[in-house]
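Okay, here's what each chain looks like letter by letter:
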Amino acid sequence: MKAAWILAGLLASSAASAATPKEFVSQWPVAAAGEGAFAVVLDDAIYRQALRGDLTDIAAFNASGEALPFGPMPASCVPPPSVWREATTFWLPARSTSTDGGLQVHASRTAGGDLSFDASVTNAVRTDPRNLLVDVRAKDHVIEALSFTFADNAPDLSADVQVEASDDLENWRTVVGRATIAQLRQSGQVLTRRLVEFKGEATAATYLRISRVDGELMPQVSVQLLLRPPGLRNAPPALVDLSVKAAGRDGTAYTYSLPGRFPVERVDVDLASGNTIGSFTISARNPGDRDWRYVGTLTAYALRGAGVELDNEPLMIGERRDREWRIESNVELAAAPTLRFTYRPEAWLLLTHGTAPFTVAAGSPRARRDDYPLDALVGQVRAKYGQGWQPELTTLGAKQTAGGDAALKAYNPEEKRTWLLWGVLILGALAIVAMVLKLMKSPPSP
């Protein structure tokens, strides 16, 4: 018995062998030739290849097969999140179309920095407030999106708006050519669309001008700005959409399988047919889990008619890596909806040494990336180069085969160790049972 427990202790304390690139299915070359610190953005193929929910089967190596310090960007290098802030707005008349006169807008700032306007119109065609001017008041910040809040007693509305930006109130550039905002009431539900995102590159501007594309009156709304803090050397990667078709159905419920460990931030239900509305309960889990975990509810609609197209906004869910998803509708649908996921690729920190080429590898049932003290390493670098130091952004090349399918079938010492431990425990238990039975059969001592 003593020998059995010693064996169990040795098995439990033994360490796994160091990982090598061949233990991973695929690899990607890193576009960095020298030693240094780099920010590497994970791409779609890496998320699809990763097997573990914690992404510990993603690692980096040099040309000699030596593991490199690599992992999620330390907190000290992660930019502060963008924040929503109430905007300061002013109502302005439309620009005059008269040839004899025009609109003259006079702007001034008080000692406290507040902006004020007065306008005079000569022979103008329209003098009622049709443009909404936003004084951004966020020096060096980048504007990523707008959100409108409608008045409680506002009538039903569906309108296309455009957004222009300026730094001097004279020269304007279009940043959003057309976006739909709406507030509709139907069947006891309020359907709203209030978010206007700046697609592509976000915008830095002193002023924004919002107007309806059809030239009609802007509704009475308040405006919120999504602002990104200044001073970021590397802008956050753009959001990516991923559409997934239903994999199964159970009554009014549909199931979906996400093809990778994506850091999902938004979920949307794309209905198969127009002029449809439904309320959906969304839940998620990982493979092997028995129970579904509630994520949220979403009212999805696709309204078409009279030249108007109106769709709902997605459900914001923070960040989740669940692989299996389920939606349940409150109505019977003629066809299965498509589930659309939105995620932002993550930037990881890579510290290179040794000879190039350097590679990032992913997909292994047994190999795990070491837990490197990246925060401490960044602190040492900043002590030398200053607190404003940021890693250099680099890119990944095309996907290559590392260990291939053989890596998925490789010997797994962790699983064998688990079975050996169970075997030792079972043998120990059987030995104890045998000993008890022997004592029960022996005659008692006189």
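Each chain carries its own residue numbering, running from 1 in the direction its sequence is written. In keeping with the predicted nature of the model, local features appear solely for residues at pLDDT of at least 70, side-chain atom pairs appear and are counted solely at 80 or more, and the whole-chain, interface and lining totals rest on all residues. With hydrogens and water stripped out, all remaining heavy atoms of the structure feed into the side-chain values.

## Points about the overall build of the chain
- From N to C terminus, the chain includes five helices and 30 strands.
- Residues classed as buried in the chain amount to 40% of the 446 residues present.
- Only heavy atoms matter for contacts: two residues are in contact if any of them lie within 4.5 Å across the pair. Long-range pairs, those at least 24 residues apart, make up 79% of the contacts in the chain between residues at least 6 apart in sequence.
- Surface accessibility follows the Shrake-Rupley procedure with a 1.4 Å probe radius. Residue values consider only the protein chains on display as shielding. Entry remark: accessible area of the chain is about 23,700 Å², with carbon and sulfur atoms responsible for 53%. Helix and strand assignments follow DSSP, with helices taken as H or I runs no shorter than four residues and strands as E runs no shorter than two, numbered in order from the N terminus. Only protein chains enter the accessibility calculation, which uses a 1.4 Å probe; a residue is then buried when its area is under 20% of its type maximum, exposed when over 50%, and partly exposed in between.

## Brief notes about the environment of Ala347
- Here Ala347 lies in strand S27 (residues 347-352).
- The spatial distance from the C-alpha of Ala347 to the C-alpha of Gly71 is 9.0 Å, given a sequence separation of 276 residues.
- Those residues in contact with Ala347 that lie beyond four places of it in its chain are Val40, Val41 and Met73.

## Digging into the confidence of the model for the chain
- For the chain, mean pLDDT is 82; residues scoring 70 or higher make up 80% of the total.
- The model gives residues 119-126 a pLDDT under 50, and that stretch makes 26 contacts with residues more than four places away or in other chains. Values of pLDDT, which run from 0 to 100, indicate the predictor's confidence residue by residue.

## Considering the nonpolar core
- We define the nonpolar core as a collection of buried residues of types Ala, Val, Leu, Ile, Met, Phe, Trp, Tyr and Cys that are connected through side-chain atoms lying within 4.5 Å of one another. Ranked by internal contacts, the top residues of the largest apolar core, which has 44 residues, are Ile58, Phe70 and Trp325.
- Other than its neighbours up to four places away in sequence, Phe70 contacts Val40, Leu42, Ile58, Ala59, Ala60, Trp348, Leu349, Leu350, Val360, Arg369, Tyr372 and Leu374.
- Listed in part, the 28 residues of the second largest apolar core include Ala87, Phe148, Ala165 and Met218.

## Focus: the pairing of strand S15 (residues 207-212)
- Burial within S15 is extensive, with six of its six residues counted as buried.
- Because side chains alternate across S15, one face comprises the buried residues Tyr207, Arg209 and Ser211, and the other comprises Leu208, Ile210 and Arg212, equally buried.

## What about the sheet that holds strand S24 (residues 315-320)?
- Sheet architecture is open: four strands sit in the order S17-S26-S20-S24, paired in antiparallel fashion. The two strands at the open ends of the sheet, each matched to only one other strand, are strand S17 (240-244) and S24. Strand-to-strand twist of the sheet, defined as the mean angle between neighbouring strand axes without regard to direction, takes the value 30°. Only strands joined by at least two bridges in the DSSP assignment are considered to pair. Simply put, an axis is a line fit to the C-alpha atoms, just over the touching stretch for a helix, and the angle between two N-to-C directions goes from 0 to 180 degrees.

## With respect to the side chain of Thr180
- Mapped onto the secondary structure, Thr180 falls in strand S12 (residues 173-186).
- Look at Thr180 and you get buried, because its relative accessible area is 19%.
- Under the rule applied, a polar contact is a pair of N or O atoms within 3.5 Å (in protein, one hydrogen donor and one hydrogen acceptor; residues adjacent in sequence only if both atoms are side-chain atoms). Reaching out from Thr180, the side chain makes a polar contact with the side chain of Asp160 at a distance of 2.7 Å.
- Excluding anything up to four places from it in sequence, Thr180 contacts Ser158, Ala159, Asp160, Arg193, Glu309 and Leu310.

## So, the pattern of salt bridges
- By definition here, a salt bridge exists when the distance from a side-chain nitrogen of Lys or Arg to a carboxyl oxygen of Asp or Glu is within 4 Å. Here the structure, examined in full by the defined rule, presents 20 salt bridges.
- Here Arg209 ties to Glu164 by a salt bridge, and the two come within 3.0 Å at their closest N and O atoms. Here Arg209, found in strand S15, pairs with Glu164, found in strand S11 (residues 157-166); they are 45 residues apart in sequence, far enough to count as distant.
- Put simply, Asp289, Arg293, Arg320 and Asp322 are held in one network by salt bridges that share partners.

## Looking at helix H3 (residues 374-385)
- In this scheme, a helix's expected span is set at 1.5 Å multiplied by one less than its residue total. The end-to-end C-alpha separation of H3 is 16 Å, in line with the 16 Å expected for 12 residues at 1.5 Å each.
- For H3, the full list of buried residues reads Leu374, Val378 and Arg382. For H3, the angular spread of buried residues about the axis comes to 70°, placing them on one side. Opposite the buried face of H3, at more than 90 degrees from it, the exposed residues are Gln380, Ala383 and Lys384.
- Considering only its buried residues, H3 is in contact with strand S4 (70-72) and S27.
- Trailing H3 by a residue or two, Gly386 shows a phi angle of about 105°, which is positive. Throughout, the arc means that of the directions going from the helix axis to the C-beta atoms.

## Concerning the sheet that holds strand S5 (residues 83-86)
- Ordered by their spatial adjacency, four strands build an open sheet running S5-S16-S10-S14, and the pairing between neighbours is antiparallel. Edge positions in the sheet fall to S5 and strand S14 (195-197), since each has one partner strand and no second. Taking each pair of neighbouring strands and ignoring which way they run, the sheet shows an average axis angle of 25°.
- Relative to strand S16 (residues 221-228), S5 runs antiparallel, the two being bridged by four bridges. Note on S16: the bridge partner recorded for Trp84 is Leu226.

## Regarding unusual backbone geometry
- Geometrically, the link from Ala356 to Pro357 is a cis peptide bond, its omega value of 5° lying close to zero.
- Looking at the secondary structure, you find Pro357 in the loop between S27 and strand S28 (359-362).
- The phi torsion at Arg137 lies on the positive side, around 55°, for a residue other than glycine.
- Its location among the elements puts Arg137 in the loop between strand S9 (129-135) and strand S10 (142-150).
- With relative accessibility at 33%, the residue Arg137 sits in the partly exposed group.
- Its identity is not glycine, yet Leu169 carries a phi of approximately 65°, on the positive side.
- Among the secondary structure elements, Leu169 is positioned in the loop between S11 and S12.

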